[in-house]
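Summary of the model geometry
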Protein chains: 2
Amino acid sequence: MFKFKVEATTSGRARSGLLNTLHGTIKTPAFMPVGTLGSVKSITPEELTSAGAQIILGNTYHLYLRPGCDIIQLFSGLHKFMHWNGPILTDSGGFQIFSLAKLNKISEQGIIFQSHIDGSKHDLTPEKAIEIQISLNSDILMCLDHCIEYPAARKKVTEAMELTSRWAQRCKTMWMEKTEMDNALFGIVQGGMYTDLRAESVESIVEIDFPGYALGGLSVGEPKDQMFEIADFTLPLLPDSKPKYIMGVGTPEDLVELVGMGADMFDCVLPTRNARNGQLFTNFGKINIVNSRFKNDTNPIEPGCSCYTCKNYSRAYLRHLFLSKELLSYRLNTIHNIHYYLSLMKTMGTAIEKDEFTTFKRSFYNKRATG
Amino acid sequence: MFKFKVEATTSGRARSGLLNTLHGTIKTPAFMPVGTLGSVKSITPEELTSAGAQIILGNTYHLYLRPGCDIIQLFSGLHKFMHWNGPILTDSGGFQIFSLAKLNKISEQGIIFQSHIDGSKHDLTPEKAIEIQISLNSDILMCLDHCIEYPAARKKVTEAMELTSRWAQRCKTMWMEKTEMDNALFGIVQGGMYTDLRAESVESIVEIDFPGYALGGLSVGEPKDQMFEIADFTLPLLPDSKPKYIMGVGTPEDLVELVGMGADMFDCVLPTRNARNGQLFTNFGKINIVNSRFKNDTNPIEPGCSCYTCKNYSRAYLRHLFLSKELLSYRLNTIHNIHYYLSLMKTMGTAIEKDEFTTFKRSFYNKRATG
């Protein structure tokens, strides 16, 4: 049964909590590694667990196209199909349609689009988005929303935000009809970079009443300051008794700032994608493993790091693997980056429990400055 | 200290034994997964061990070019560099020079070649081949030999075979000079498809006296029958007190036949390369995971198989990963194929100990016929 409880609050707005799902309990603040196609690229569920993953994200758009819901249903959902027994949050598919597919038509009814793989024509309605996520046996489903690009004119943002609210109601209705409501459905707040539209969106979405809320349409190309401004403005408007999720964000610095503003959940491809590009996260900042200064470096990526990669391999070896395009490279890099992100979340959770978030934040930035 | 002991013989020529090295003991017959560039492609040393690997092979040519011996020596050799604590056999580099590099000149002295990566010019002499393998801290070193293509004229084969013998003597001298001889150096028998030249090669190589012997120049394009004919003719000529290694071979059927002829050791890229191409080995023959009949197949690759992949994933999932070009695909496939090969070797070892090799062989072919 889905349940959220704030466990600790700080003198600021940062908070920690527990989120119960049918597949396990998640400590918040939580970061969700992205398992686009039913696999967090290059690593196994066991490696995810040992890196500290509590919940992962699956992309509805990708899974709907490949392998298709009929196949995943043979396994009663995504968990057994991909051998991950923990909680799964699925997005609605909307964001990927807007960013990857060829969009044919968007109407009150829903979206008609063409697959980025084979050009085949498909439609997605709020109802269908829920049905697909139910077939994936998702623990946390997301409403279909209308994402728009940055920058966008106020009129366009307003229309998209209003459509998102009407779709949210249809998603809620479908979810109540088709599930026992022991999973969760999150509503998504839109409104672009306009604070008044964000406020309006919060009002209409919260009125529908969801088990959790997300901020969509951030990290879509806007200046970082603006992203923080919108999050800072919008997060306090959401009910504190519900989990608050910032979609598709971000860098380690983003996570620290946003947790400080009261955000509970995050997902982002950054740790996994950067790993495959040889970019590794450390407490002293990001390093690029191809750098020639690592050629003879017998140290691990980050001395003291307890991840499998740092415990067993040197920068020199990882540089060699990456330069040689060895498959093991992507995997060892991914293990480290995921571990880094999840450790950061854990450290923040502990700091919040001890009401030492400000001290943590100072130390976080100090290490980077000396790195 | 290197030592080989035959533990069991059969009514035929198949035998099992124990091979001691400084990094551990190997049960023979043994298959060595190939770790070309200091990594068995896509998998970790822990996964190798749990698939049953006892020893792996490193490619001197590749490692010499990338990352270079100076870097590997910072780790006192390949074991620590790549985090594999078991025995390592290294080839001499010769075969890869003949098959991959641009060959500039071959003389009594050695080989001058250009790197297949950047065209840089290098030379390899028998002495240098040994020095490089010593710097890799190899447990079993191989003599530099002169491999030739198939088919080749008798004159050319004779010259290459004789040069191989002279180089073998220089390798032995260098090895005695530069090591404690607590590792092993294997001599390589050449002679192409000419049985009398093979006999001559055995005589001169065995006269030099090595801790082990290999058959080179097989599986280079000749008909399968001819490969078996040469192996069947040559293997009994080698001293039974020494390990007998067939280089670069082969399919599961090849291994069964050659173990039956008294071969003790093998290496081949087949299980790893095929895995990355979606070709999976089973007791009932090879399957291609892209086949549409696996689309809805909730069974593991091989029901009853105890490998990590078969215990946790279905054919439908593996097909999906492969079609989606997910990195996890290559890895899960590789784990299965390596496990298959190593289990086959183990099964043969047990059959030999019980003097049931003939029964084993019948059952091996029967399963394939009904598959």
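All chains use their own residue numbering, which begins from 1 and follows the written sequence. Chains and ligands are labelled sequentially in the order written, the chains with letters from A and the ligands with numbers from 1. Under the rules for a predicted model, residues below a pLDDT of 70 receive no local features and side-chain atom pairs below 80 are neither given nor counted, while totals for whole chains, interfaces and linings still include all residues.

Counting its regular elements, chain A contains 15 helices and 16 strands. What you see for chain A is a C-alpha radius of gyration of 20 Å, in line with the 21 Å of a compact globule of 371 residues. Its C-alpha atoms put chain A at 60 × 50 × 40 Å along the principal axes. Here, residue contact means that the backbone-derived C-beta atoms of the two residues sit within 7 Å. Within chain A, residue pairs in contact and separated by at least 24 positions form 67% of the contacts whose partners lie at least 6 positions apart. Per the convention used, a helix needs a DSSP run of H or I reaching at least four residues, while a strand needs a run of E reaching at least two, with both numbered from the N terminus. Only the C-alpha atoms count toward the radius of gyration. The rule for a globule is 2.2 Å times the residue count to the power 0.38.

This part takes up the interface of chain B and chain A. Residue-level contacts link 29 residues of chain B with 30 residues of chain A. Elements represented by at least two residues in the side of chain B that touches chain A include exactly α4 (78–82), α13 (315–323) and α14 (327–353) of chain B. Grouping the amino acids of the side of chain B that touches chain A by side-chain chemistry returns 14 nonpolar, 10 polar and 5 charged. We call Asp, Glu, Lys and Arg charged. Ala, Val, Leu, Ile, Met, Phe, Trp, Tyr, Cys and Pro are nonpolar, and the rest, Gly among them, are polar.

This paragraph deals with the domain arrangement of chain A. Residues and elements named next belong to chain A. Taken domain by domain, chain A holds domain 1 (3–268) and domain 2 (270–371). Domain ranges listed in this record stem from an automatic or a database domain assignment. On a C-alpha basis, the centroid separation for the pair domain 1 and domain 2 is 27 Å. Across the boundary between the two partners, domain 1 contributes 31 residues, which contact 27 residues of domain 2. Put simply, the parts of the chain that give the side of domain 1 that touches domain 2 at least two residues each are β2 (15–21), β4 (30–32), α1 (45–50) and α10 (252–260). In terms of residue count, the dominant contributor to the side of domain 1 that touches domain 2 is α10 (5 residues). The class makeup of the residues in the side of domain 1 that touches domain 2 is 17 nonpolar, 10 polar and 4 charged.

Here we take up helix α7 (residues 154–178) of chain A. All names here are of chain A. Here α7 is 25 residues long and its end C-alpha atoms lie 36 Å apart, about the 36 Å a rise of 1.5 Å per residue gives. Neighbour counting defines burial: a residue surrounded by 20 or more other C-beta atoms within 10 Å of its own C-beta is buried, one with 12 or fewer is exposed, and intermediate counts give partly exposed, using backbone-placed C-beta atoms. Within α7 the residues assigned to the buried category are Val157, Ala160, Met161, Thr164, Ser165, Trp167, Ala168, Cys171, Met174 and Trp175. For α7, the elements touching its buried residues are α6 (126–135), β10 (140–142), β11 (184–189) and α8 (195–208). Multiplying 1.5 Å by the residue count of a helix minus one yields the expected span of that helix.

All names here are of chain B. Relative to the elements of secondary structure, Ile43 occurs in the loop between β4 (30–32) and α1 (45–50). Along the primary structure Ile43 and Ile335 are separated by 292 residues, whereas in three dimensions their C-alpha atoms are 7.3 Å apart. What Ile43 contacts, discounting residues up to four positions off in sequence, is Leu48, Arg331, Thr334 and Ile335.

This part covers the sheet that holds strand β9 (residues 121–124) of chain B. All names here are of chain B. Two strands form a pair only when DSSP identifies at least two bridges running between them. The strand order across the open sheet built from 3 strands is β7-β8-β9, with neighbouring strands paired in antiparallel fashion. Lying at the two open borders of the sheet, with one neighbouring strand each, are β7 (102–106) and β9. Across the sheet, the mean angle separating the axes of adjacent strands is 25° when strand polarity is ignored. Of the strand pairs in this sheet, β7 and strand β8 (residues 111–114) are connected by 4 bridges, and their pairing is antiparallel. Residue pairing in the sheet places Lys102 in a bridge with Gln114 of β8. The axes are straight lines fitted to the C-alpha atoms, using for helices just the contacting stretch, and the angles between their N-to-C directions are given from 0 to 180°.

Before going further, it helps to spend a moment on the environment of Asp254 of chain A. For Asp254 of chain A, the position within the fold is in helix α10. When the C-alpha positions of Asp254 of chain A and Lys224 of chain A are compared, they lie 8.7 Å apart, and in sequence the two are 30 residues distant.

Our focus in this paragraph is the pairing of strand β8 (residues 111–114) of chain A. Residues and elements named next belong to chain A. Side-chain alternation along β8 places Ile111 and Phe113 on a buried face and Ile112 and Gln114 on a face that remains uncovered. A loop of 4 residues connects strand β7 (residues 102–106) with β8, the two strands running antiparallel in sequence. Relative to strand β9 (residues 121–124), β8 runs antiparallel, the two being bridged by 4 bridges. Following the sheet pairing, Ile111 is matched in β9 by Leu124. Taken together, β8 and the strand that follows it, β9, pair antiparallel across an intervening segment of 6 residues, in which Gly119 is found at a positive phi of about 75°.

What follows covers the nonpolar core. Only buried Ala, Val, Leu, Ile, Met, Phe, Trp, Tyr and Cys residues enter a nonpolar core, and they are joined through C-beta atoms within 7 Å. Judged by nonpolar contacts, the single largest core of 215 residues is most densely connected at Cys171, Phe186 and Ile246 of chain A together with Cys171, Phe186 and Ile246 of chain B. Considering every element that reaches this core, the biggest residue donor is helix α14 (residues 327–353) of chain A, with 14 residues. Those residues in contact with Ile246 of chain B that sit more than four places away from it in its chain are Leu215, Leu218, Ala231, Leu258, Ala263 and Phe266 of chain B.

Copy-to-copy alignment: least squares on C-alpha atoms, limited to residues at pLDDT 70 or above in both. Of the transformation superimposing chain B on chain A, the axial component is 0.0 Å and the angular component is 180°, with the fit at an RMSD of 0.0 Å. The operation mapping one copy onto its partner corresponds to a two-fold rotation axis. When each C-alpha of chain B is compared by its distance to the rotation axis, Leu327 of chain B comes out closest, at 3.7 Å. Interface residue correspondence from chain B to chain A reaches 100%, placing this contact among same-surface, isologous pairings.

As a further point, take the sheet that holds β2 of chain A. Residue and element names in this part refer to chain A. The strand order across the open sheet formed by 3 strands is β1-β2-β3, and the pairing between neighbours is antiparallel. Looking at which strands have only one partner, the edges of the open sheet turn out to be β1 (3–9) and β3 (24–28). Direction aside, neighbouring strands of the sheet carry axes that sit 15° apart on average. Inspection of the sheet shows β2 paired to β3 by 5 bridges, in the antiparallel sense. Its bridge partner being in β3, Gly17 is matched across the sheet by Thr28. Against the sheet, α14 touches β1, β2 and β3, its axis set at about 120° to β2.

Moving on: the packing of α6 of chain A against α7 of chain A. All names here are of chain A. For the pair α6 and α7, the least separation of the axes is 8 Å and the interaxial angle reads 40°. Regarding the angle of α6 to α7, the classification is oblique. As for how α6 packs across α7, the hand of that crossing is right-handed. On α7, the residues touching Pro126, Glu127, Ala129, Ile130, Glu131 and Ile134 of α6 are Trp167, Arg170, Cys171, Met174, Trp175 and Lys178. The class makeup of the residues in the contact of α6 with α7 is 8 nonpolar, no polar and 4 charged. Throughout, the term roughly parallel applies to angles under 35 degrees, roughly antiparallel to angles over 145, roughly perpendicular to angles from 65 to 115, and oblique to all others. Here a crossing is taken to be left-handed if its near helix is turned anticlockwise relative to the far helix by less than a right angle, and right-handed if that turn runs clockwise.

What follows covers unusual backbone geometry. Glycine aside, residues mostly have negative phi angles, and peptide bonds mostly take the trans form. For the bond from Val249 of chain A to Gly250 of chain A, the omega torsion is 15°, close enough to zero to count as cis. One can find Gly250 of chain A in the loop between β13 (244–246) and α10. In this structure, Pro67 of chain B follows Arg66 of chain B across a cis peptide bond, with omega equal to 0°. By the secondary structure assignment, Pro67 of chain B is in the loop between α2 (60–65) and α3 (69–73). At Asp209 of chain A, a position not held by glycine, the phi torsion is positive, near 75°. Accessibility expressed as a C-beta count within 10 Å gives 10 for Asp209 of chain A, which makes it exposed. The phi dihedral of Ser76 of chain B falls on the positive side, at around 60°, and the residue is not glycine.

All right, on to the packing of α13 of chain B against α14 of chain B then. All names here are of chain B. Where α13 contacts α14, the two axes come as close as 7 Å, and the packing angle between them is 130°. By the angle between their directions, the pair α13 and α14 is classed as oblique. Taken as a pair, α13 and α14 cross one another with a handedness that is left-handed. Along its contact with α13, which presents Leu318, Leu321 and Phe322, the element α14 presents Leu328, Ser329, Leu332 and Asn333.

What follows concerns the environment of Ile55 of chain B. Residue and element names in this part refer to chain B. In this structure, Ile55 sits in the loop between α1 and β5 (56–58). Judged by C-beta crowding, with 25 C-beta atoms within 10 Å, Ile55 ranks as buried. C-alpha separation for the pair Ile55 and Phe95, spaced 40 residues apart in sequence, amounts to 20 Å. Residue contacts for Ile55: discarding those within four places in its chain leaves Ile26, Ala30, Met32, Gly86, Pro87, Ile88 and Leu89.

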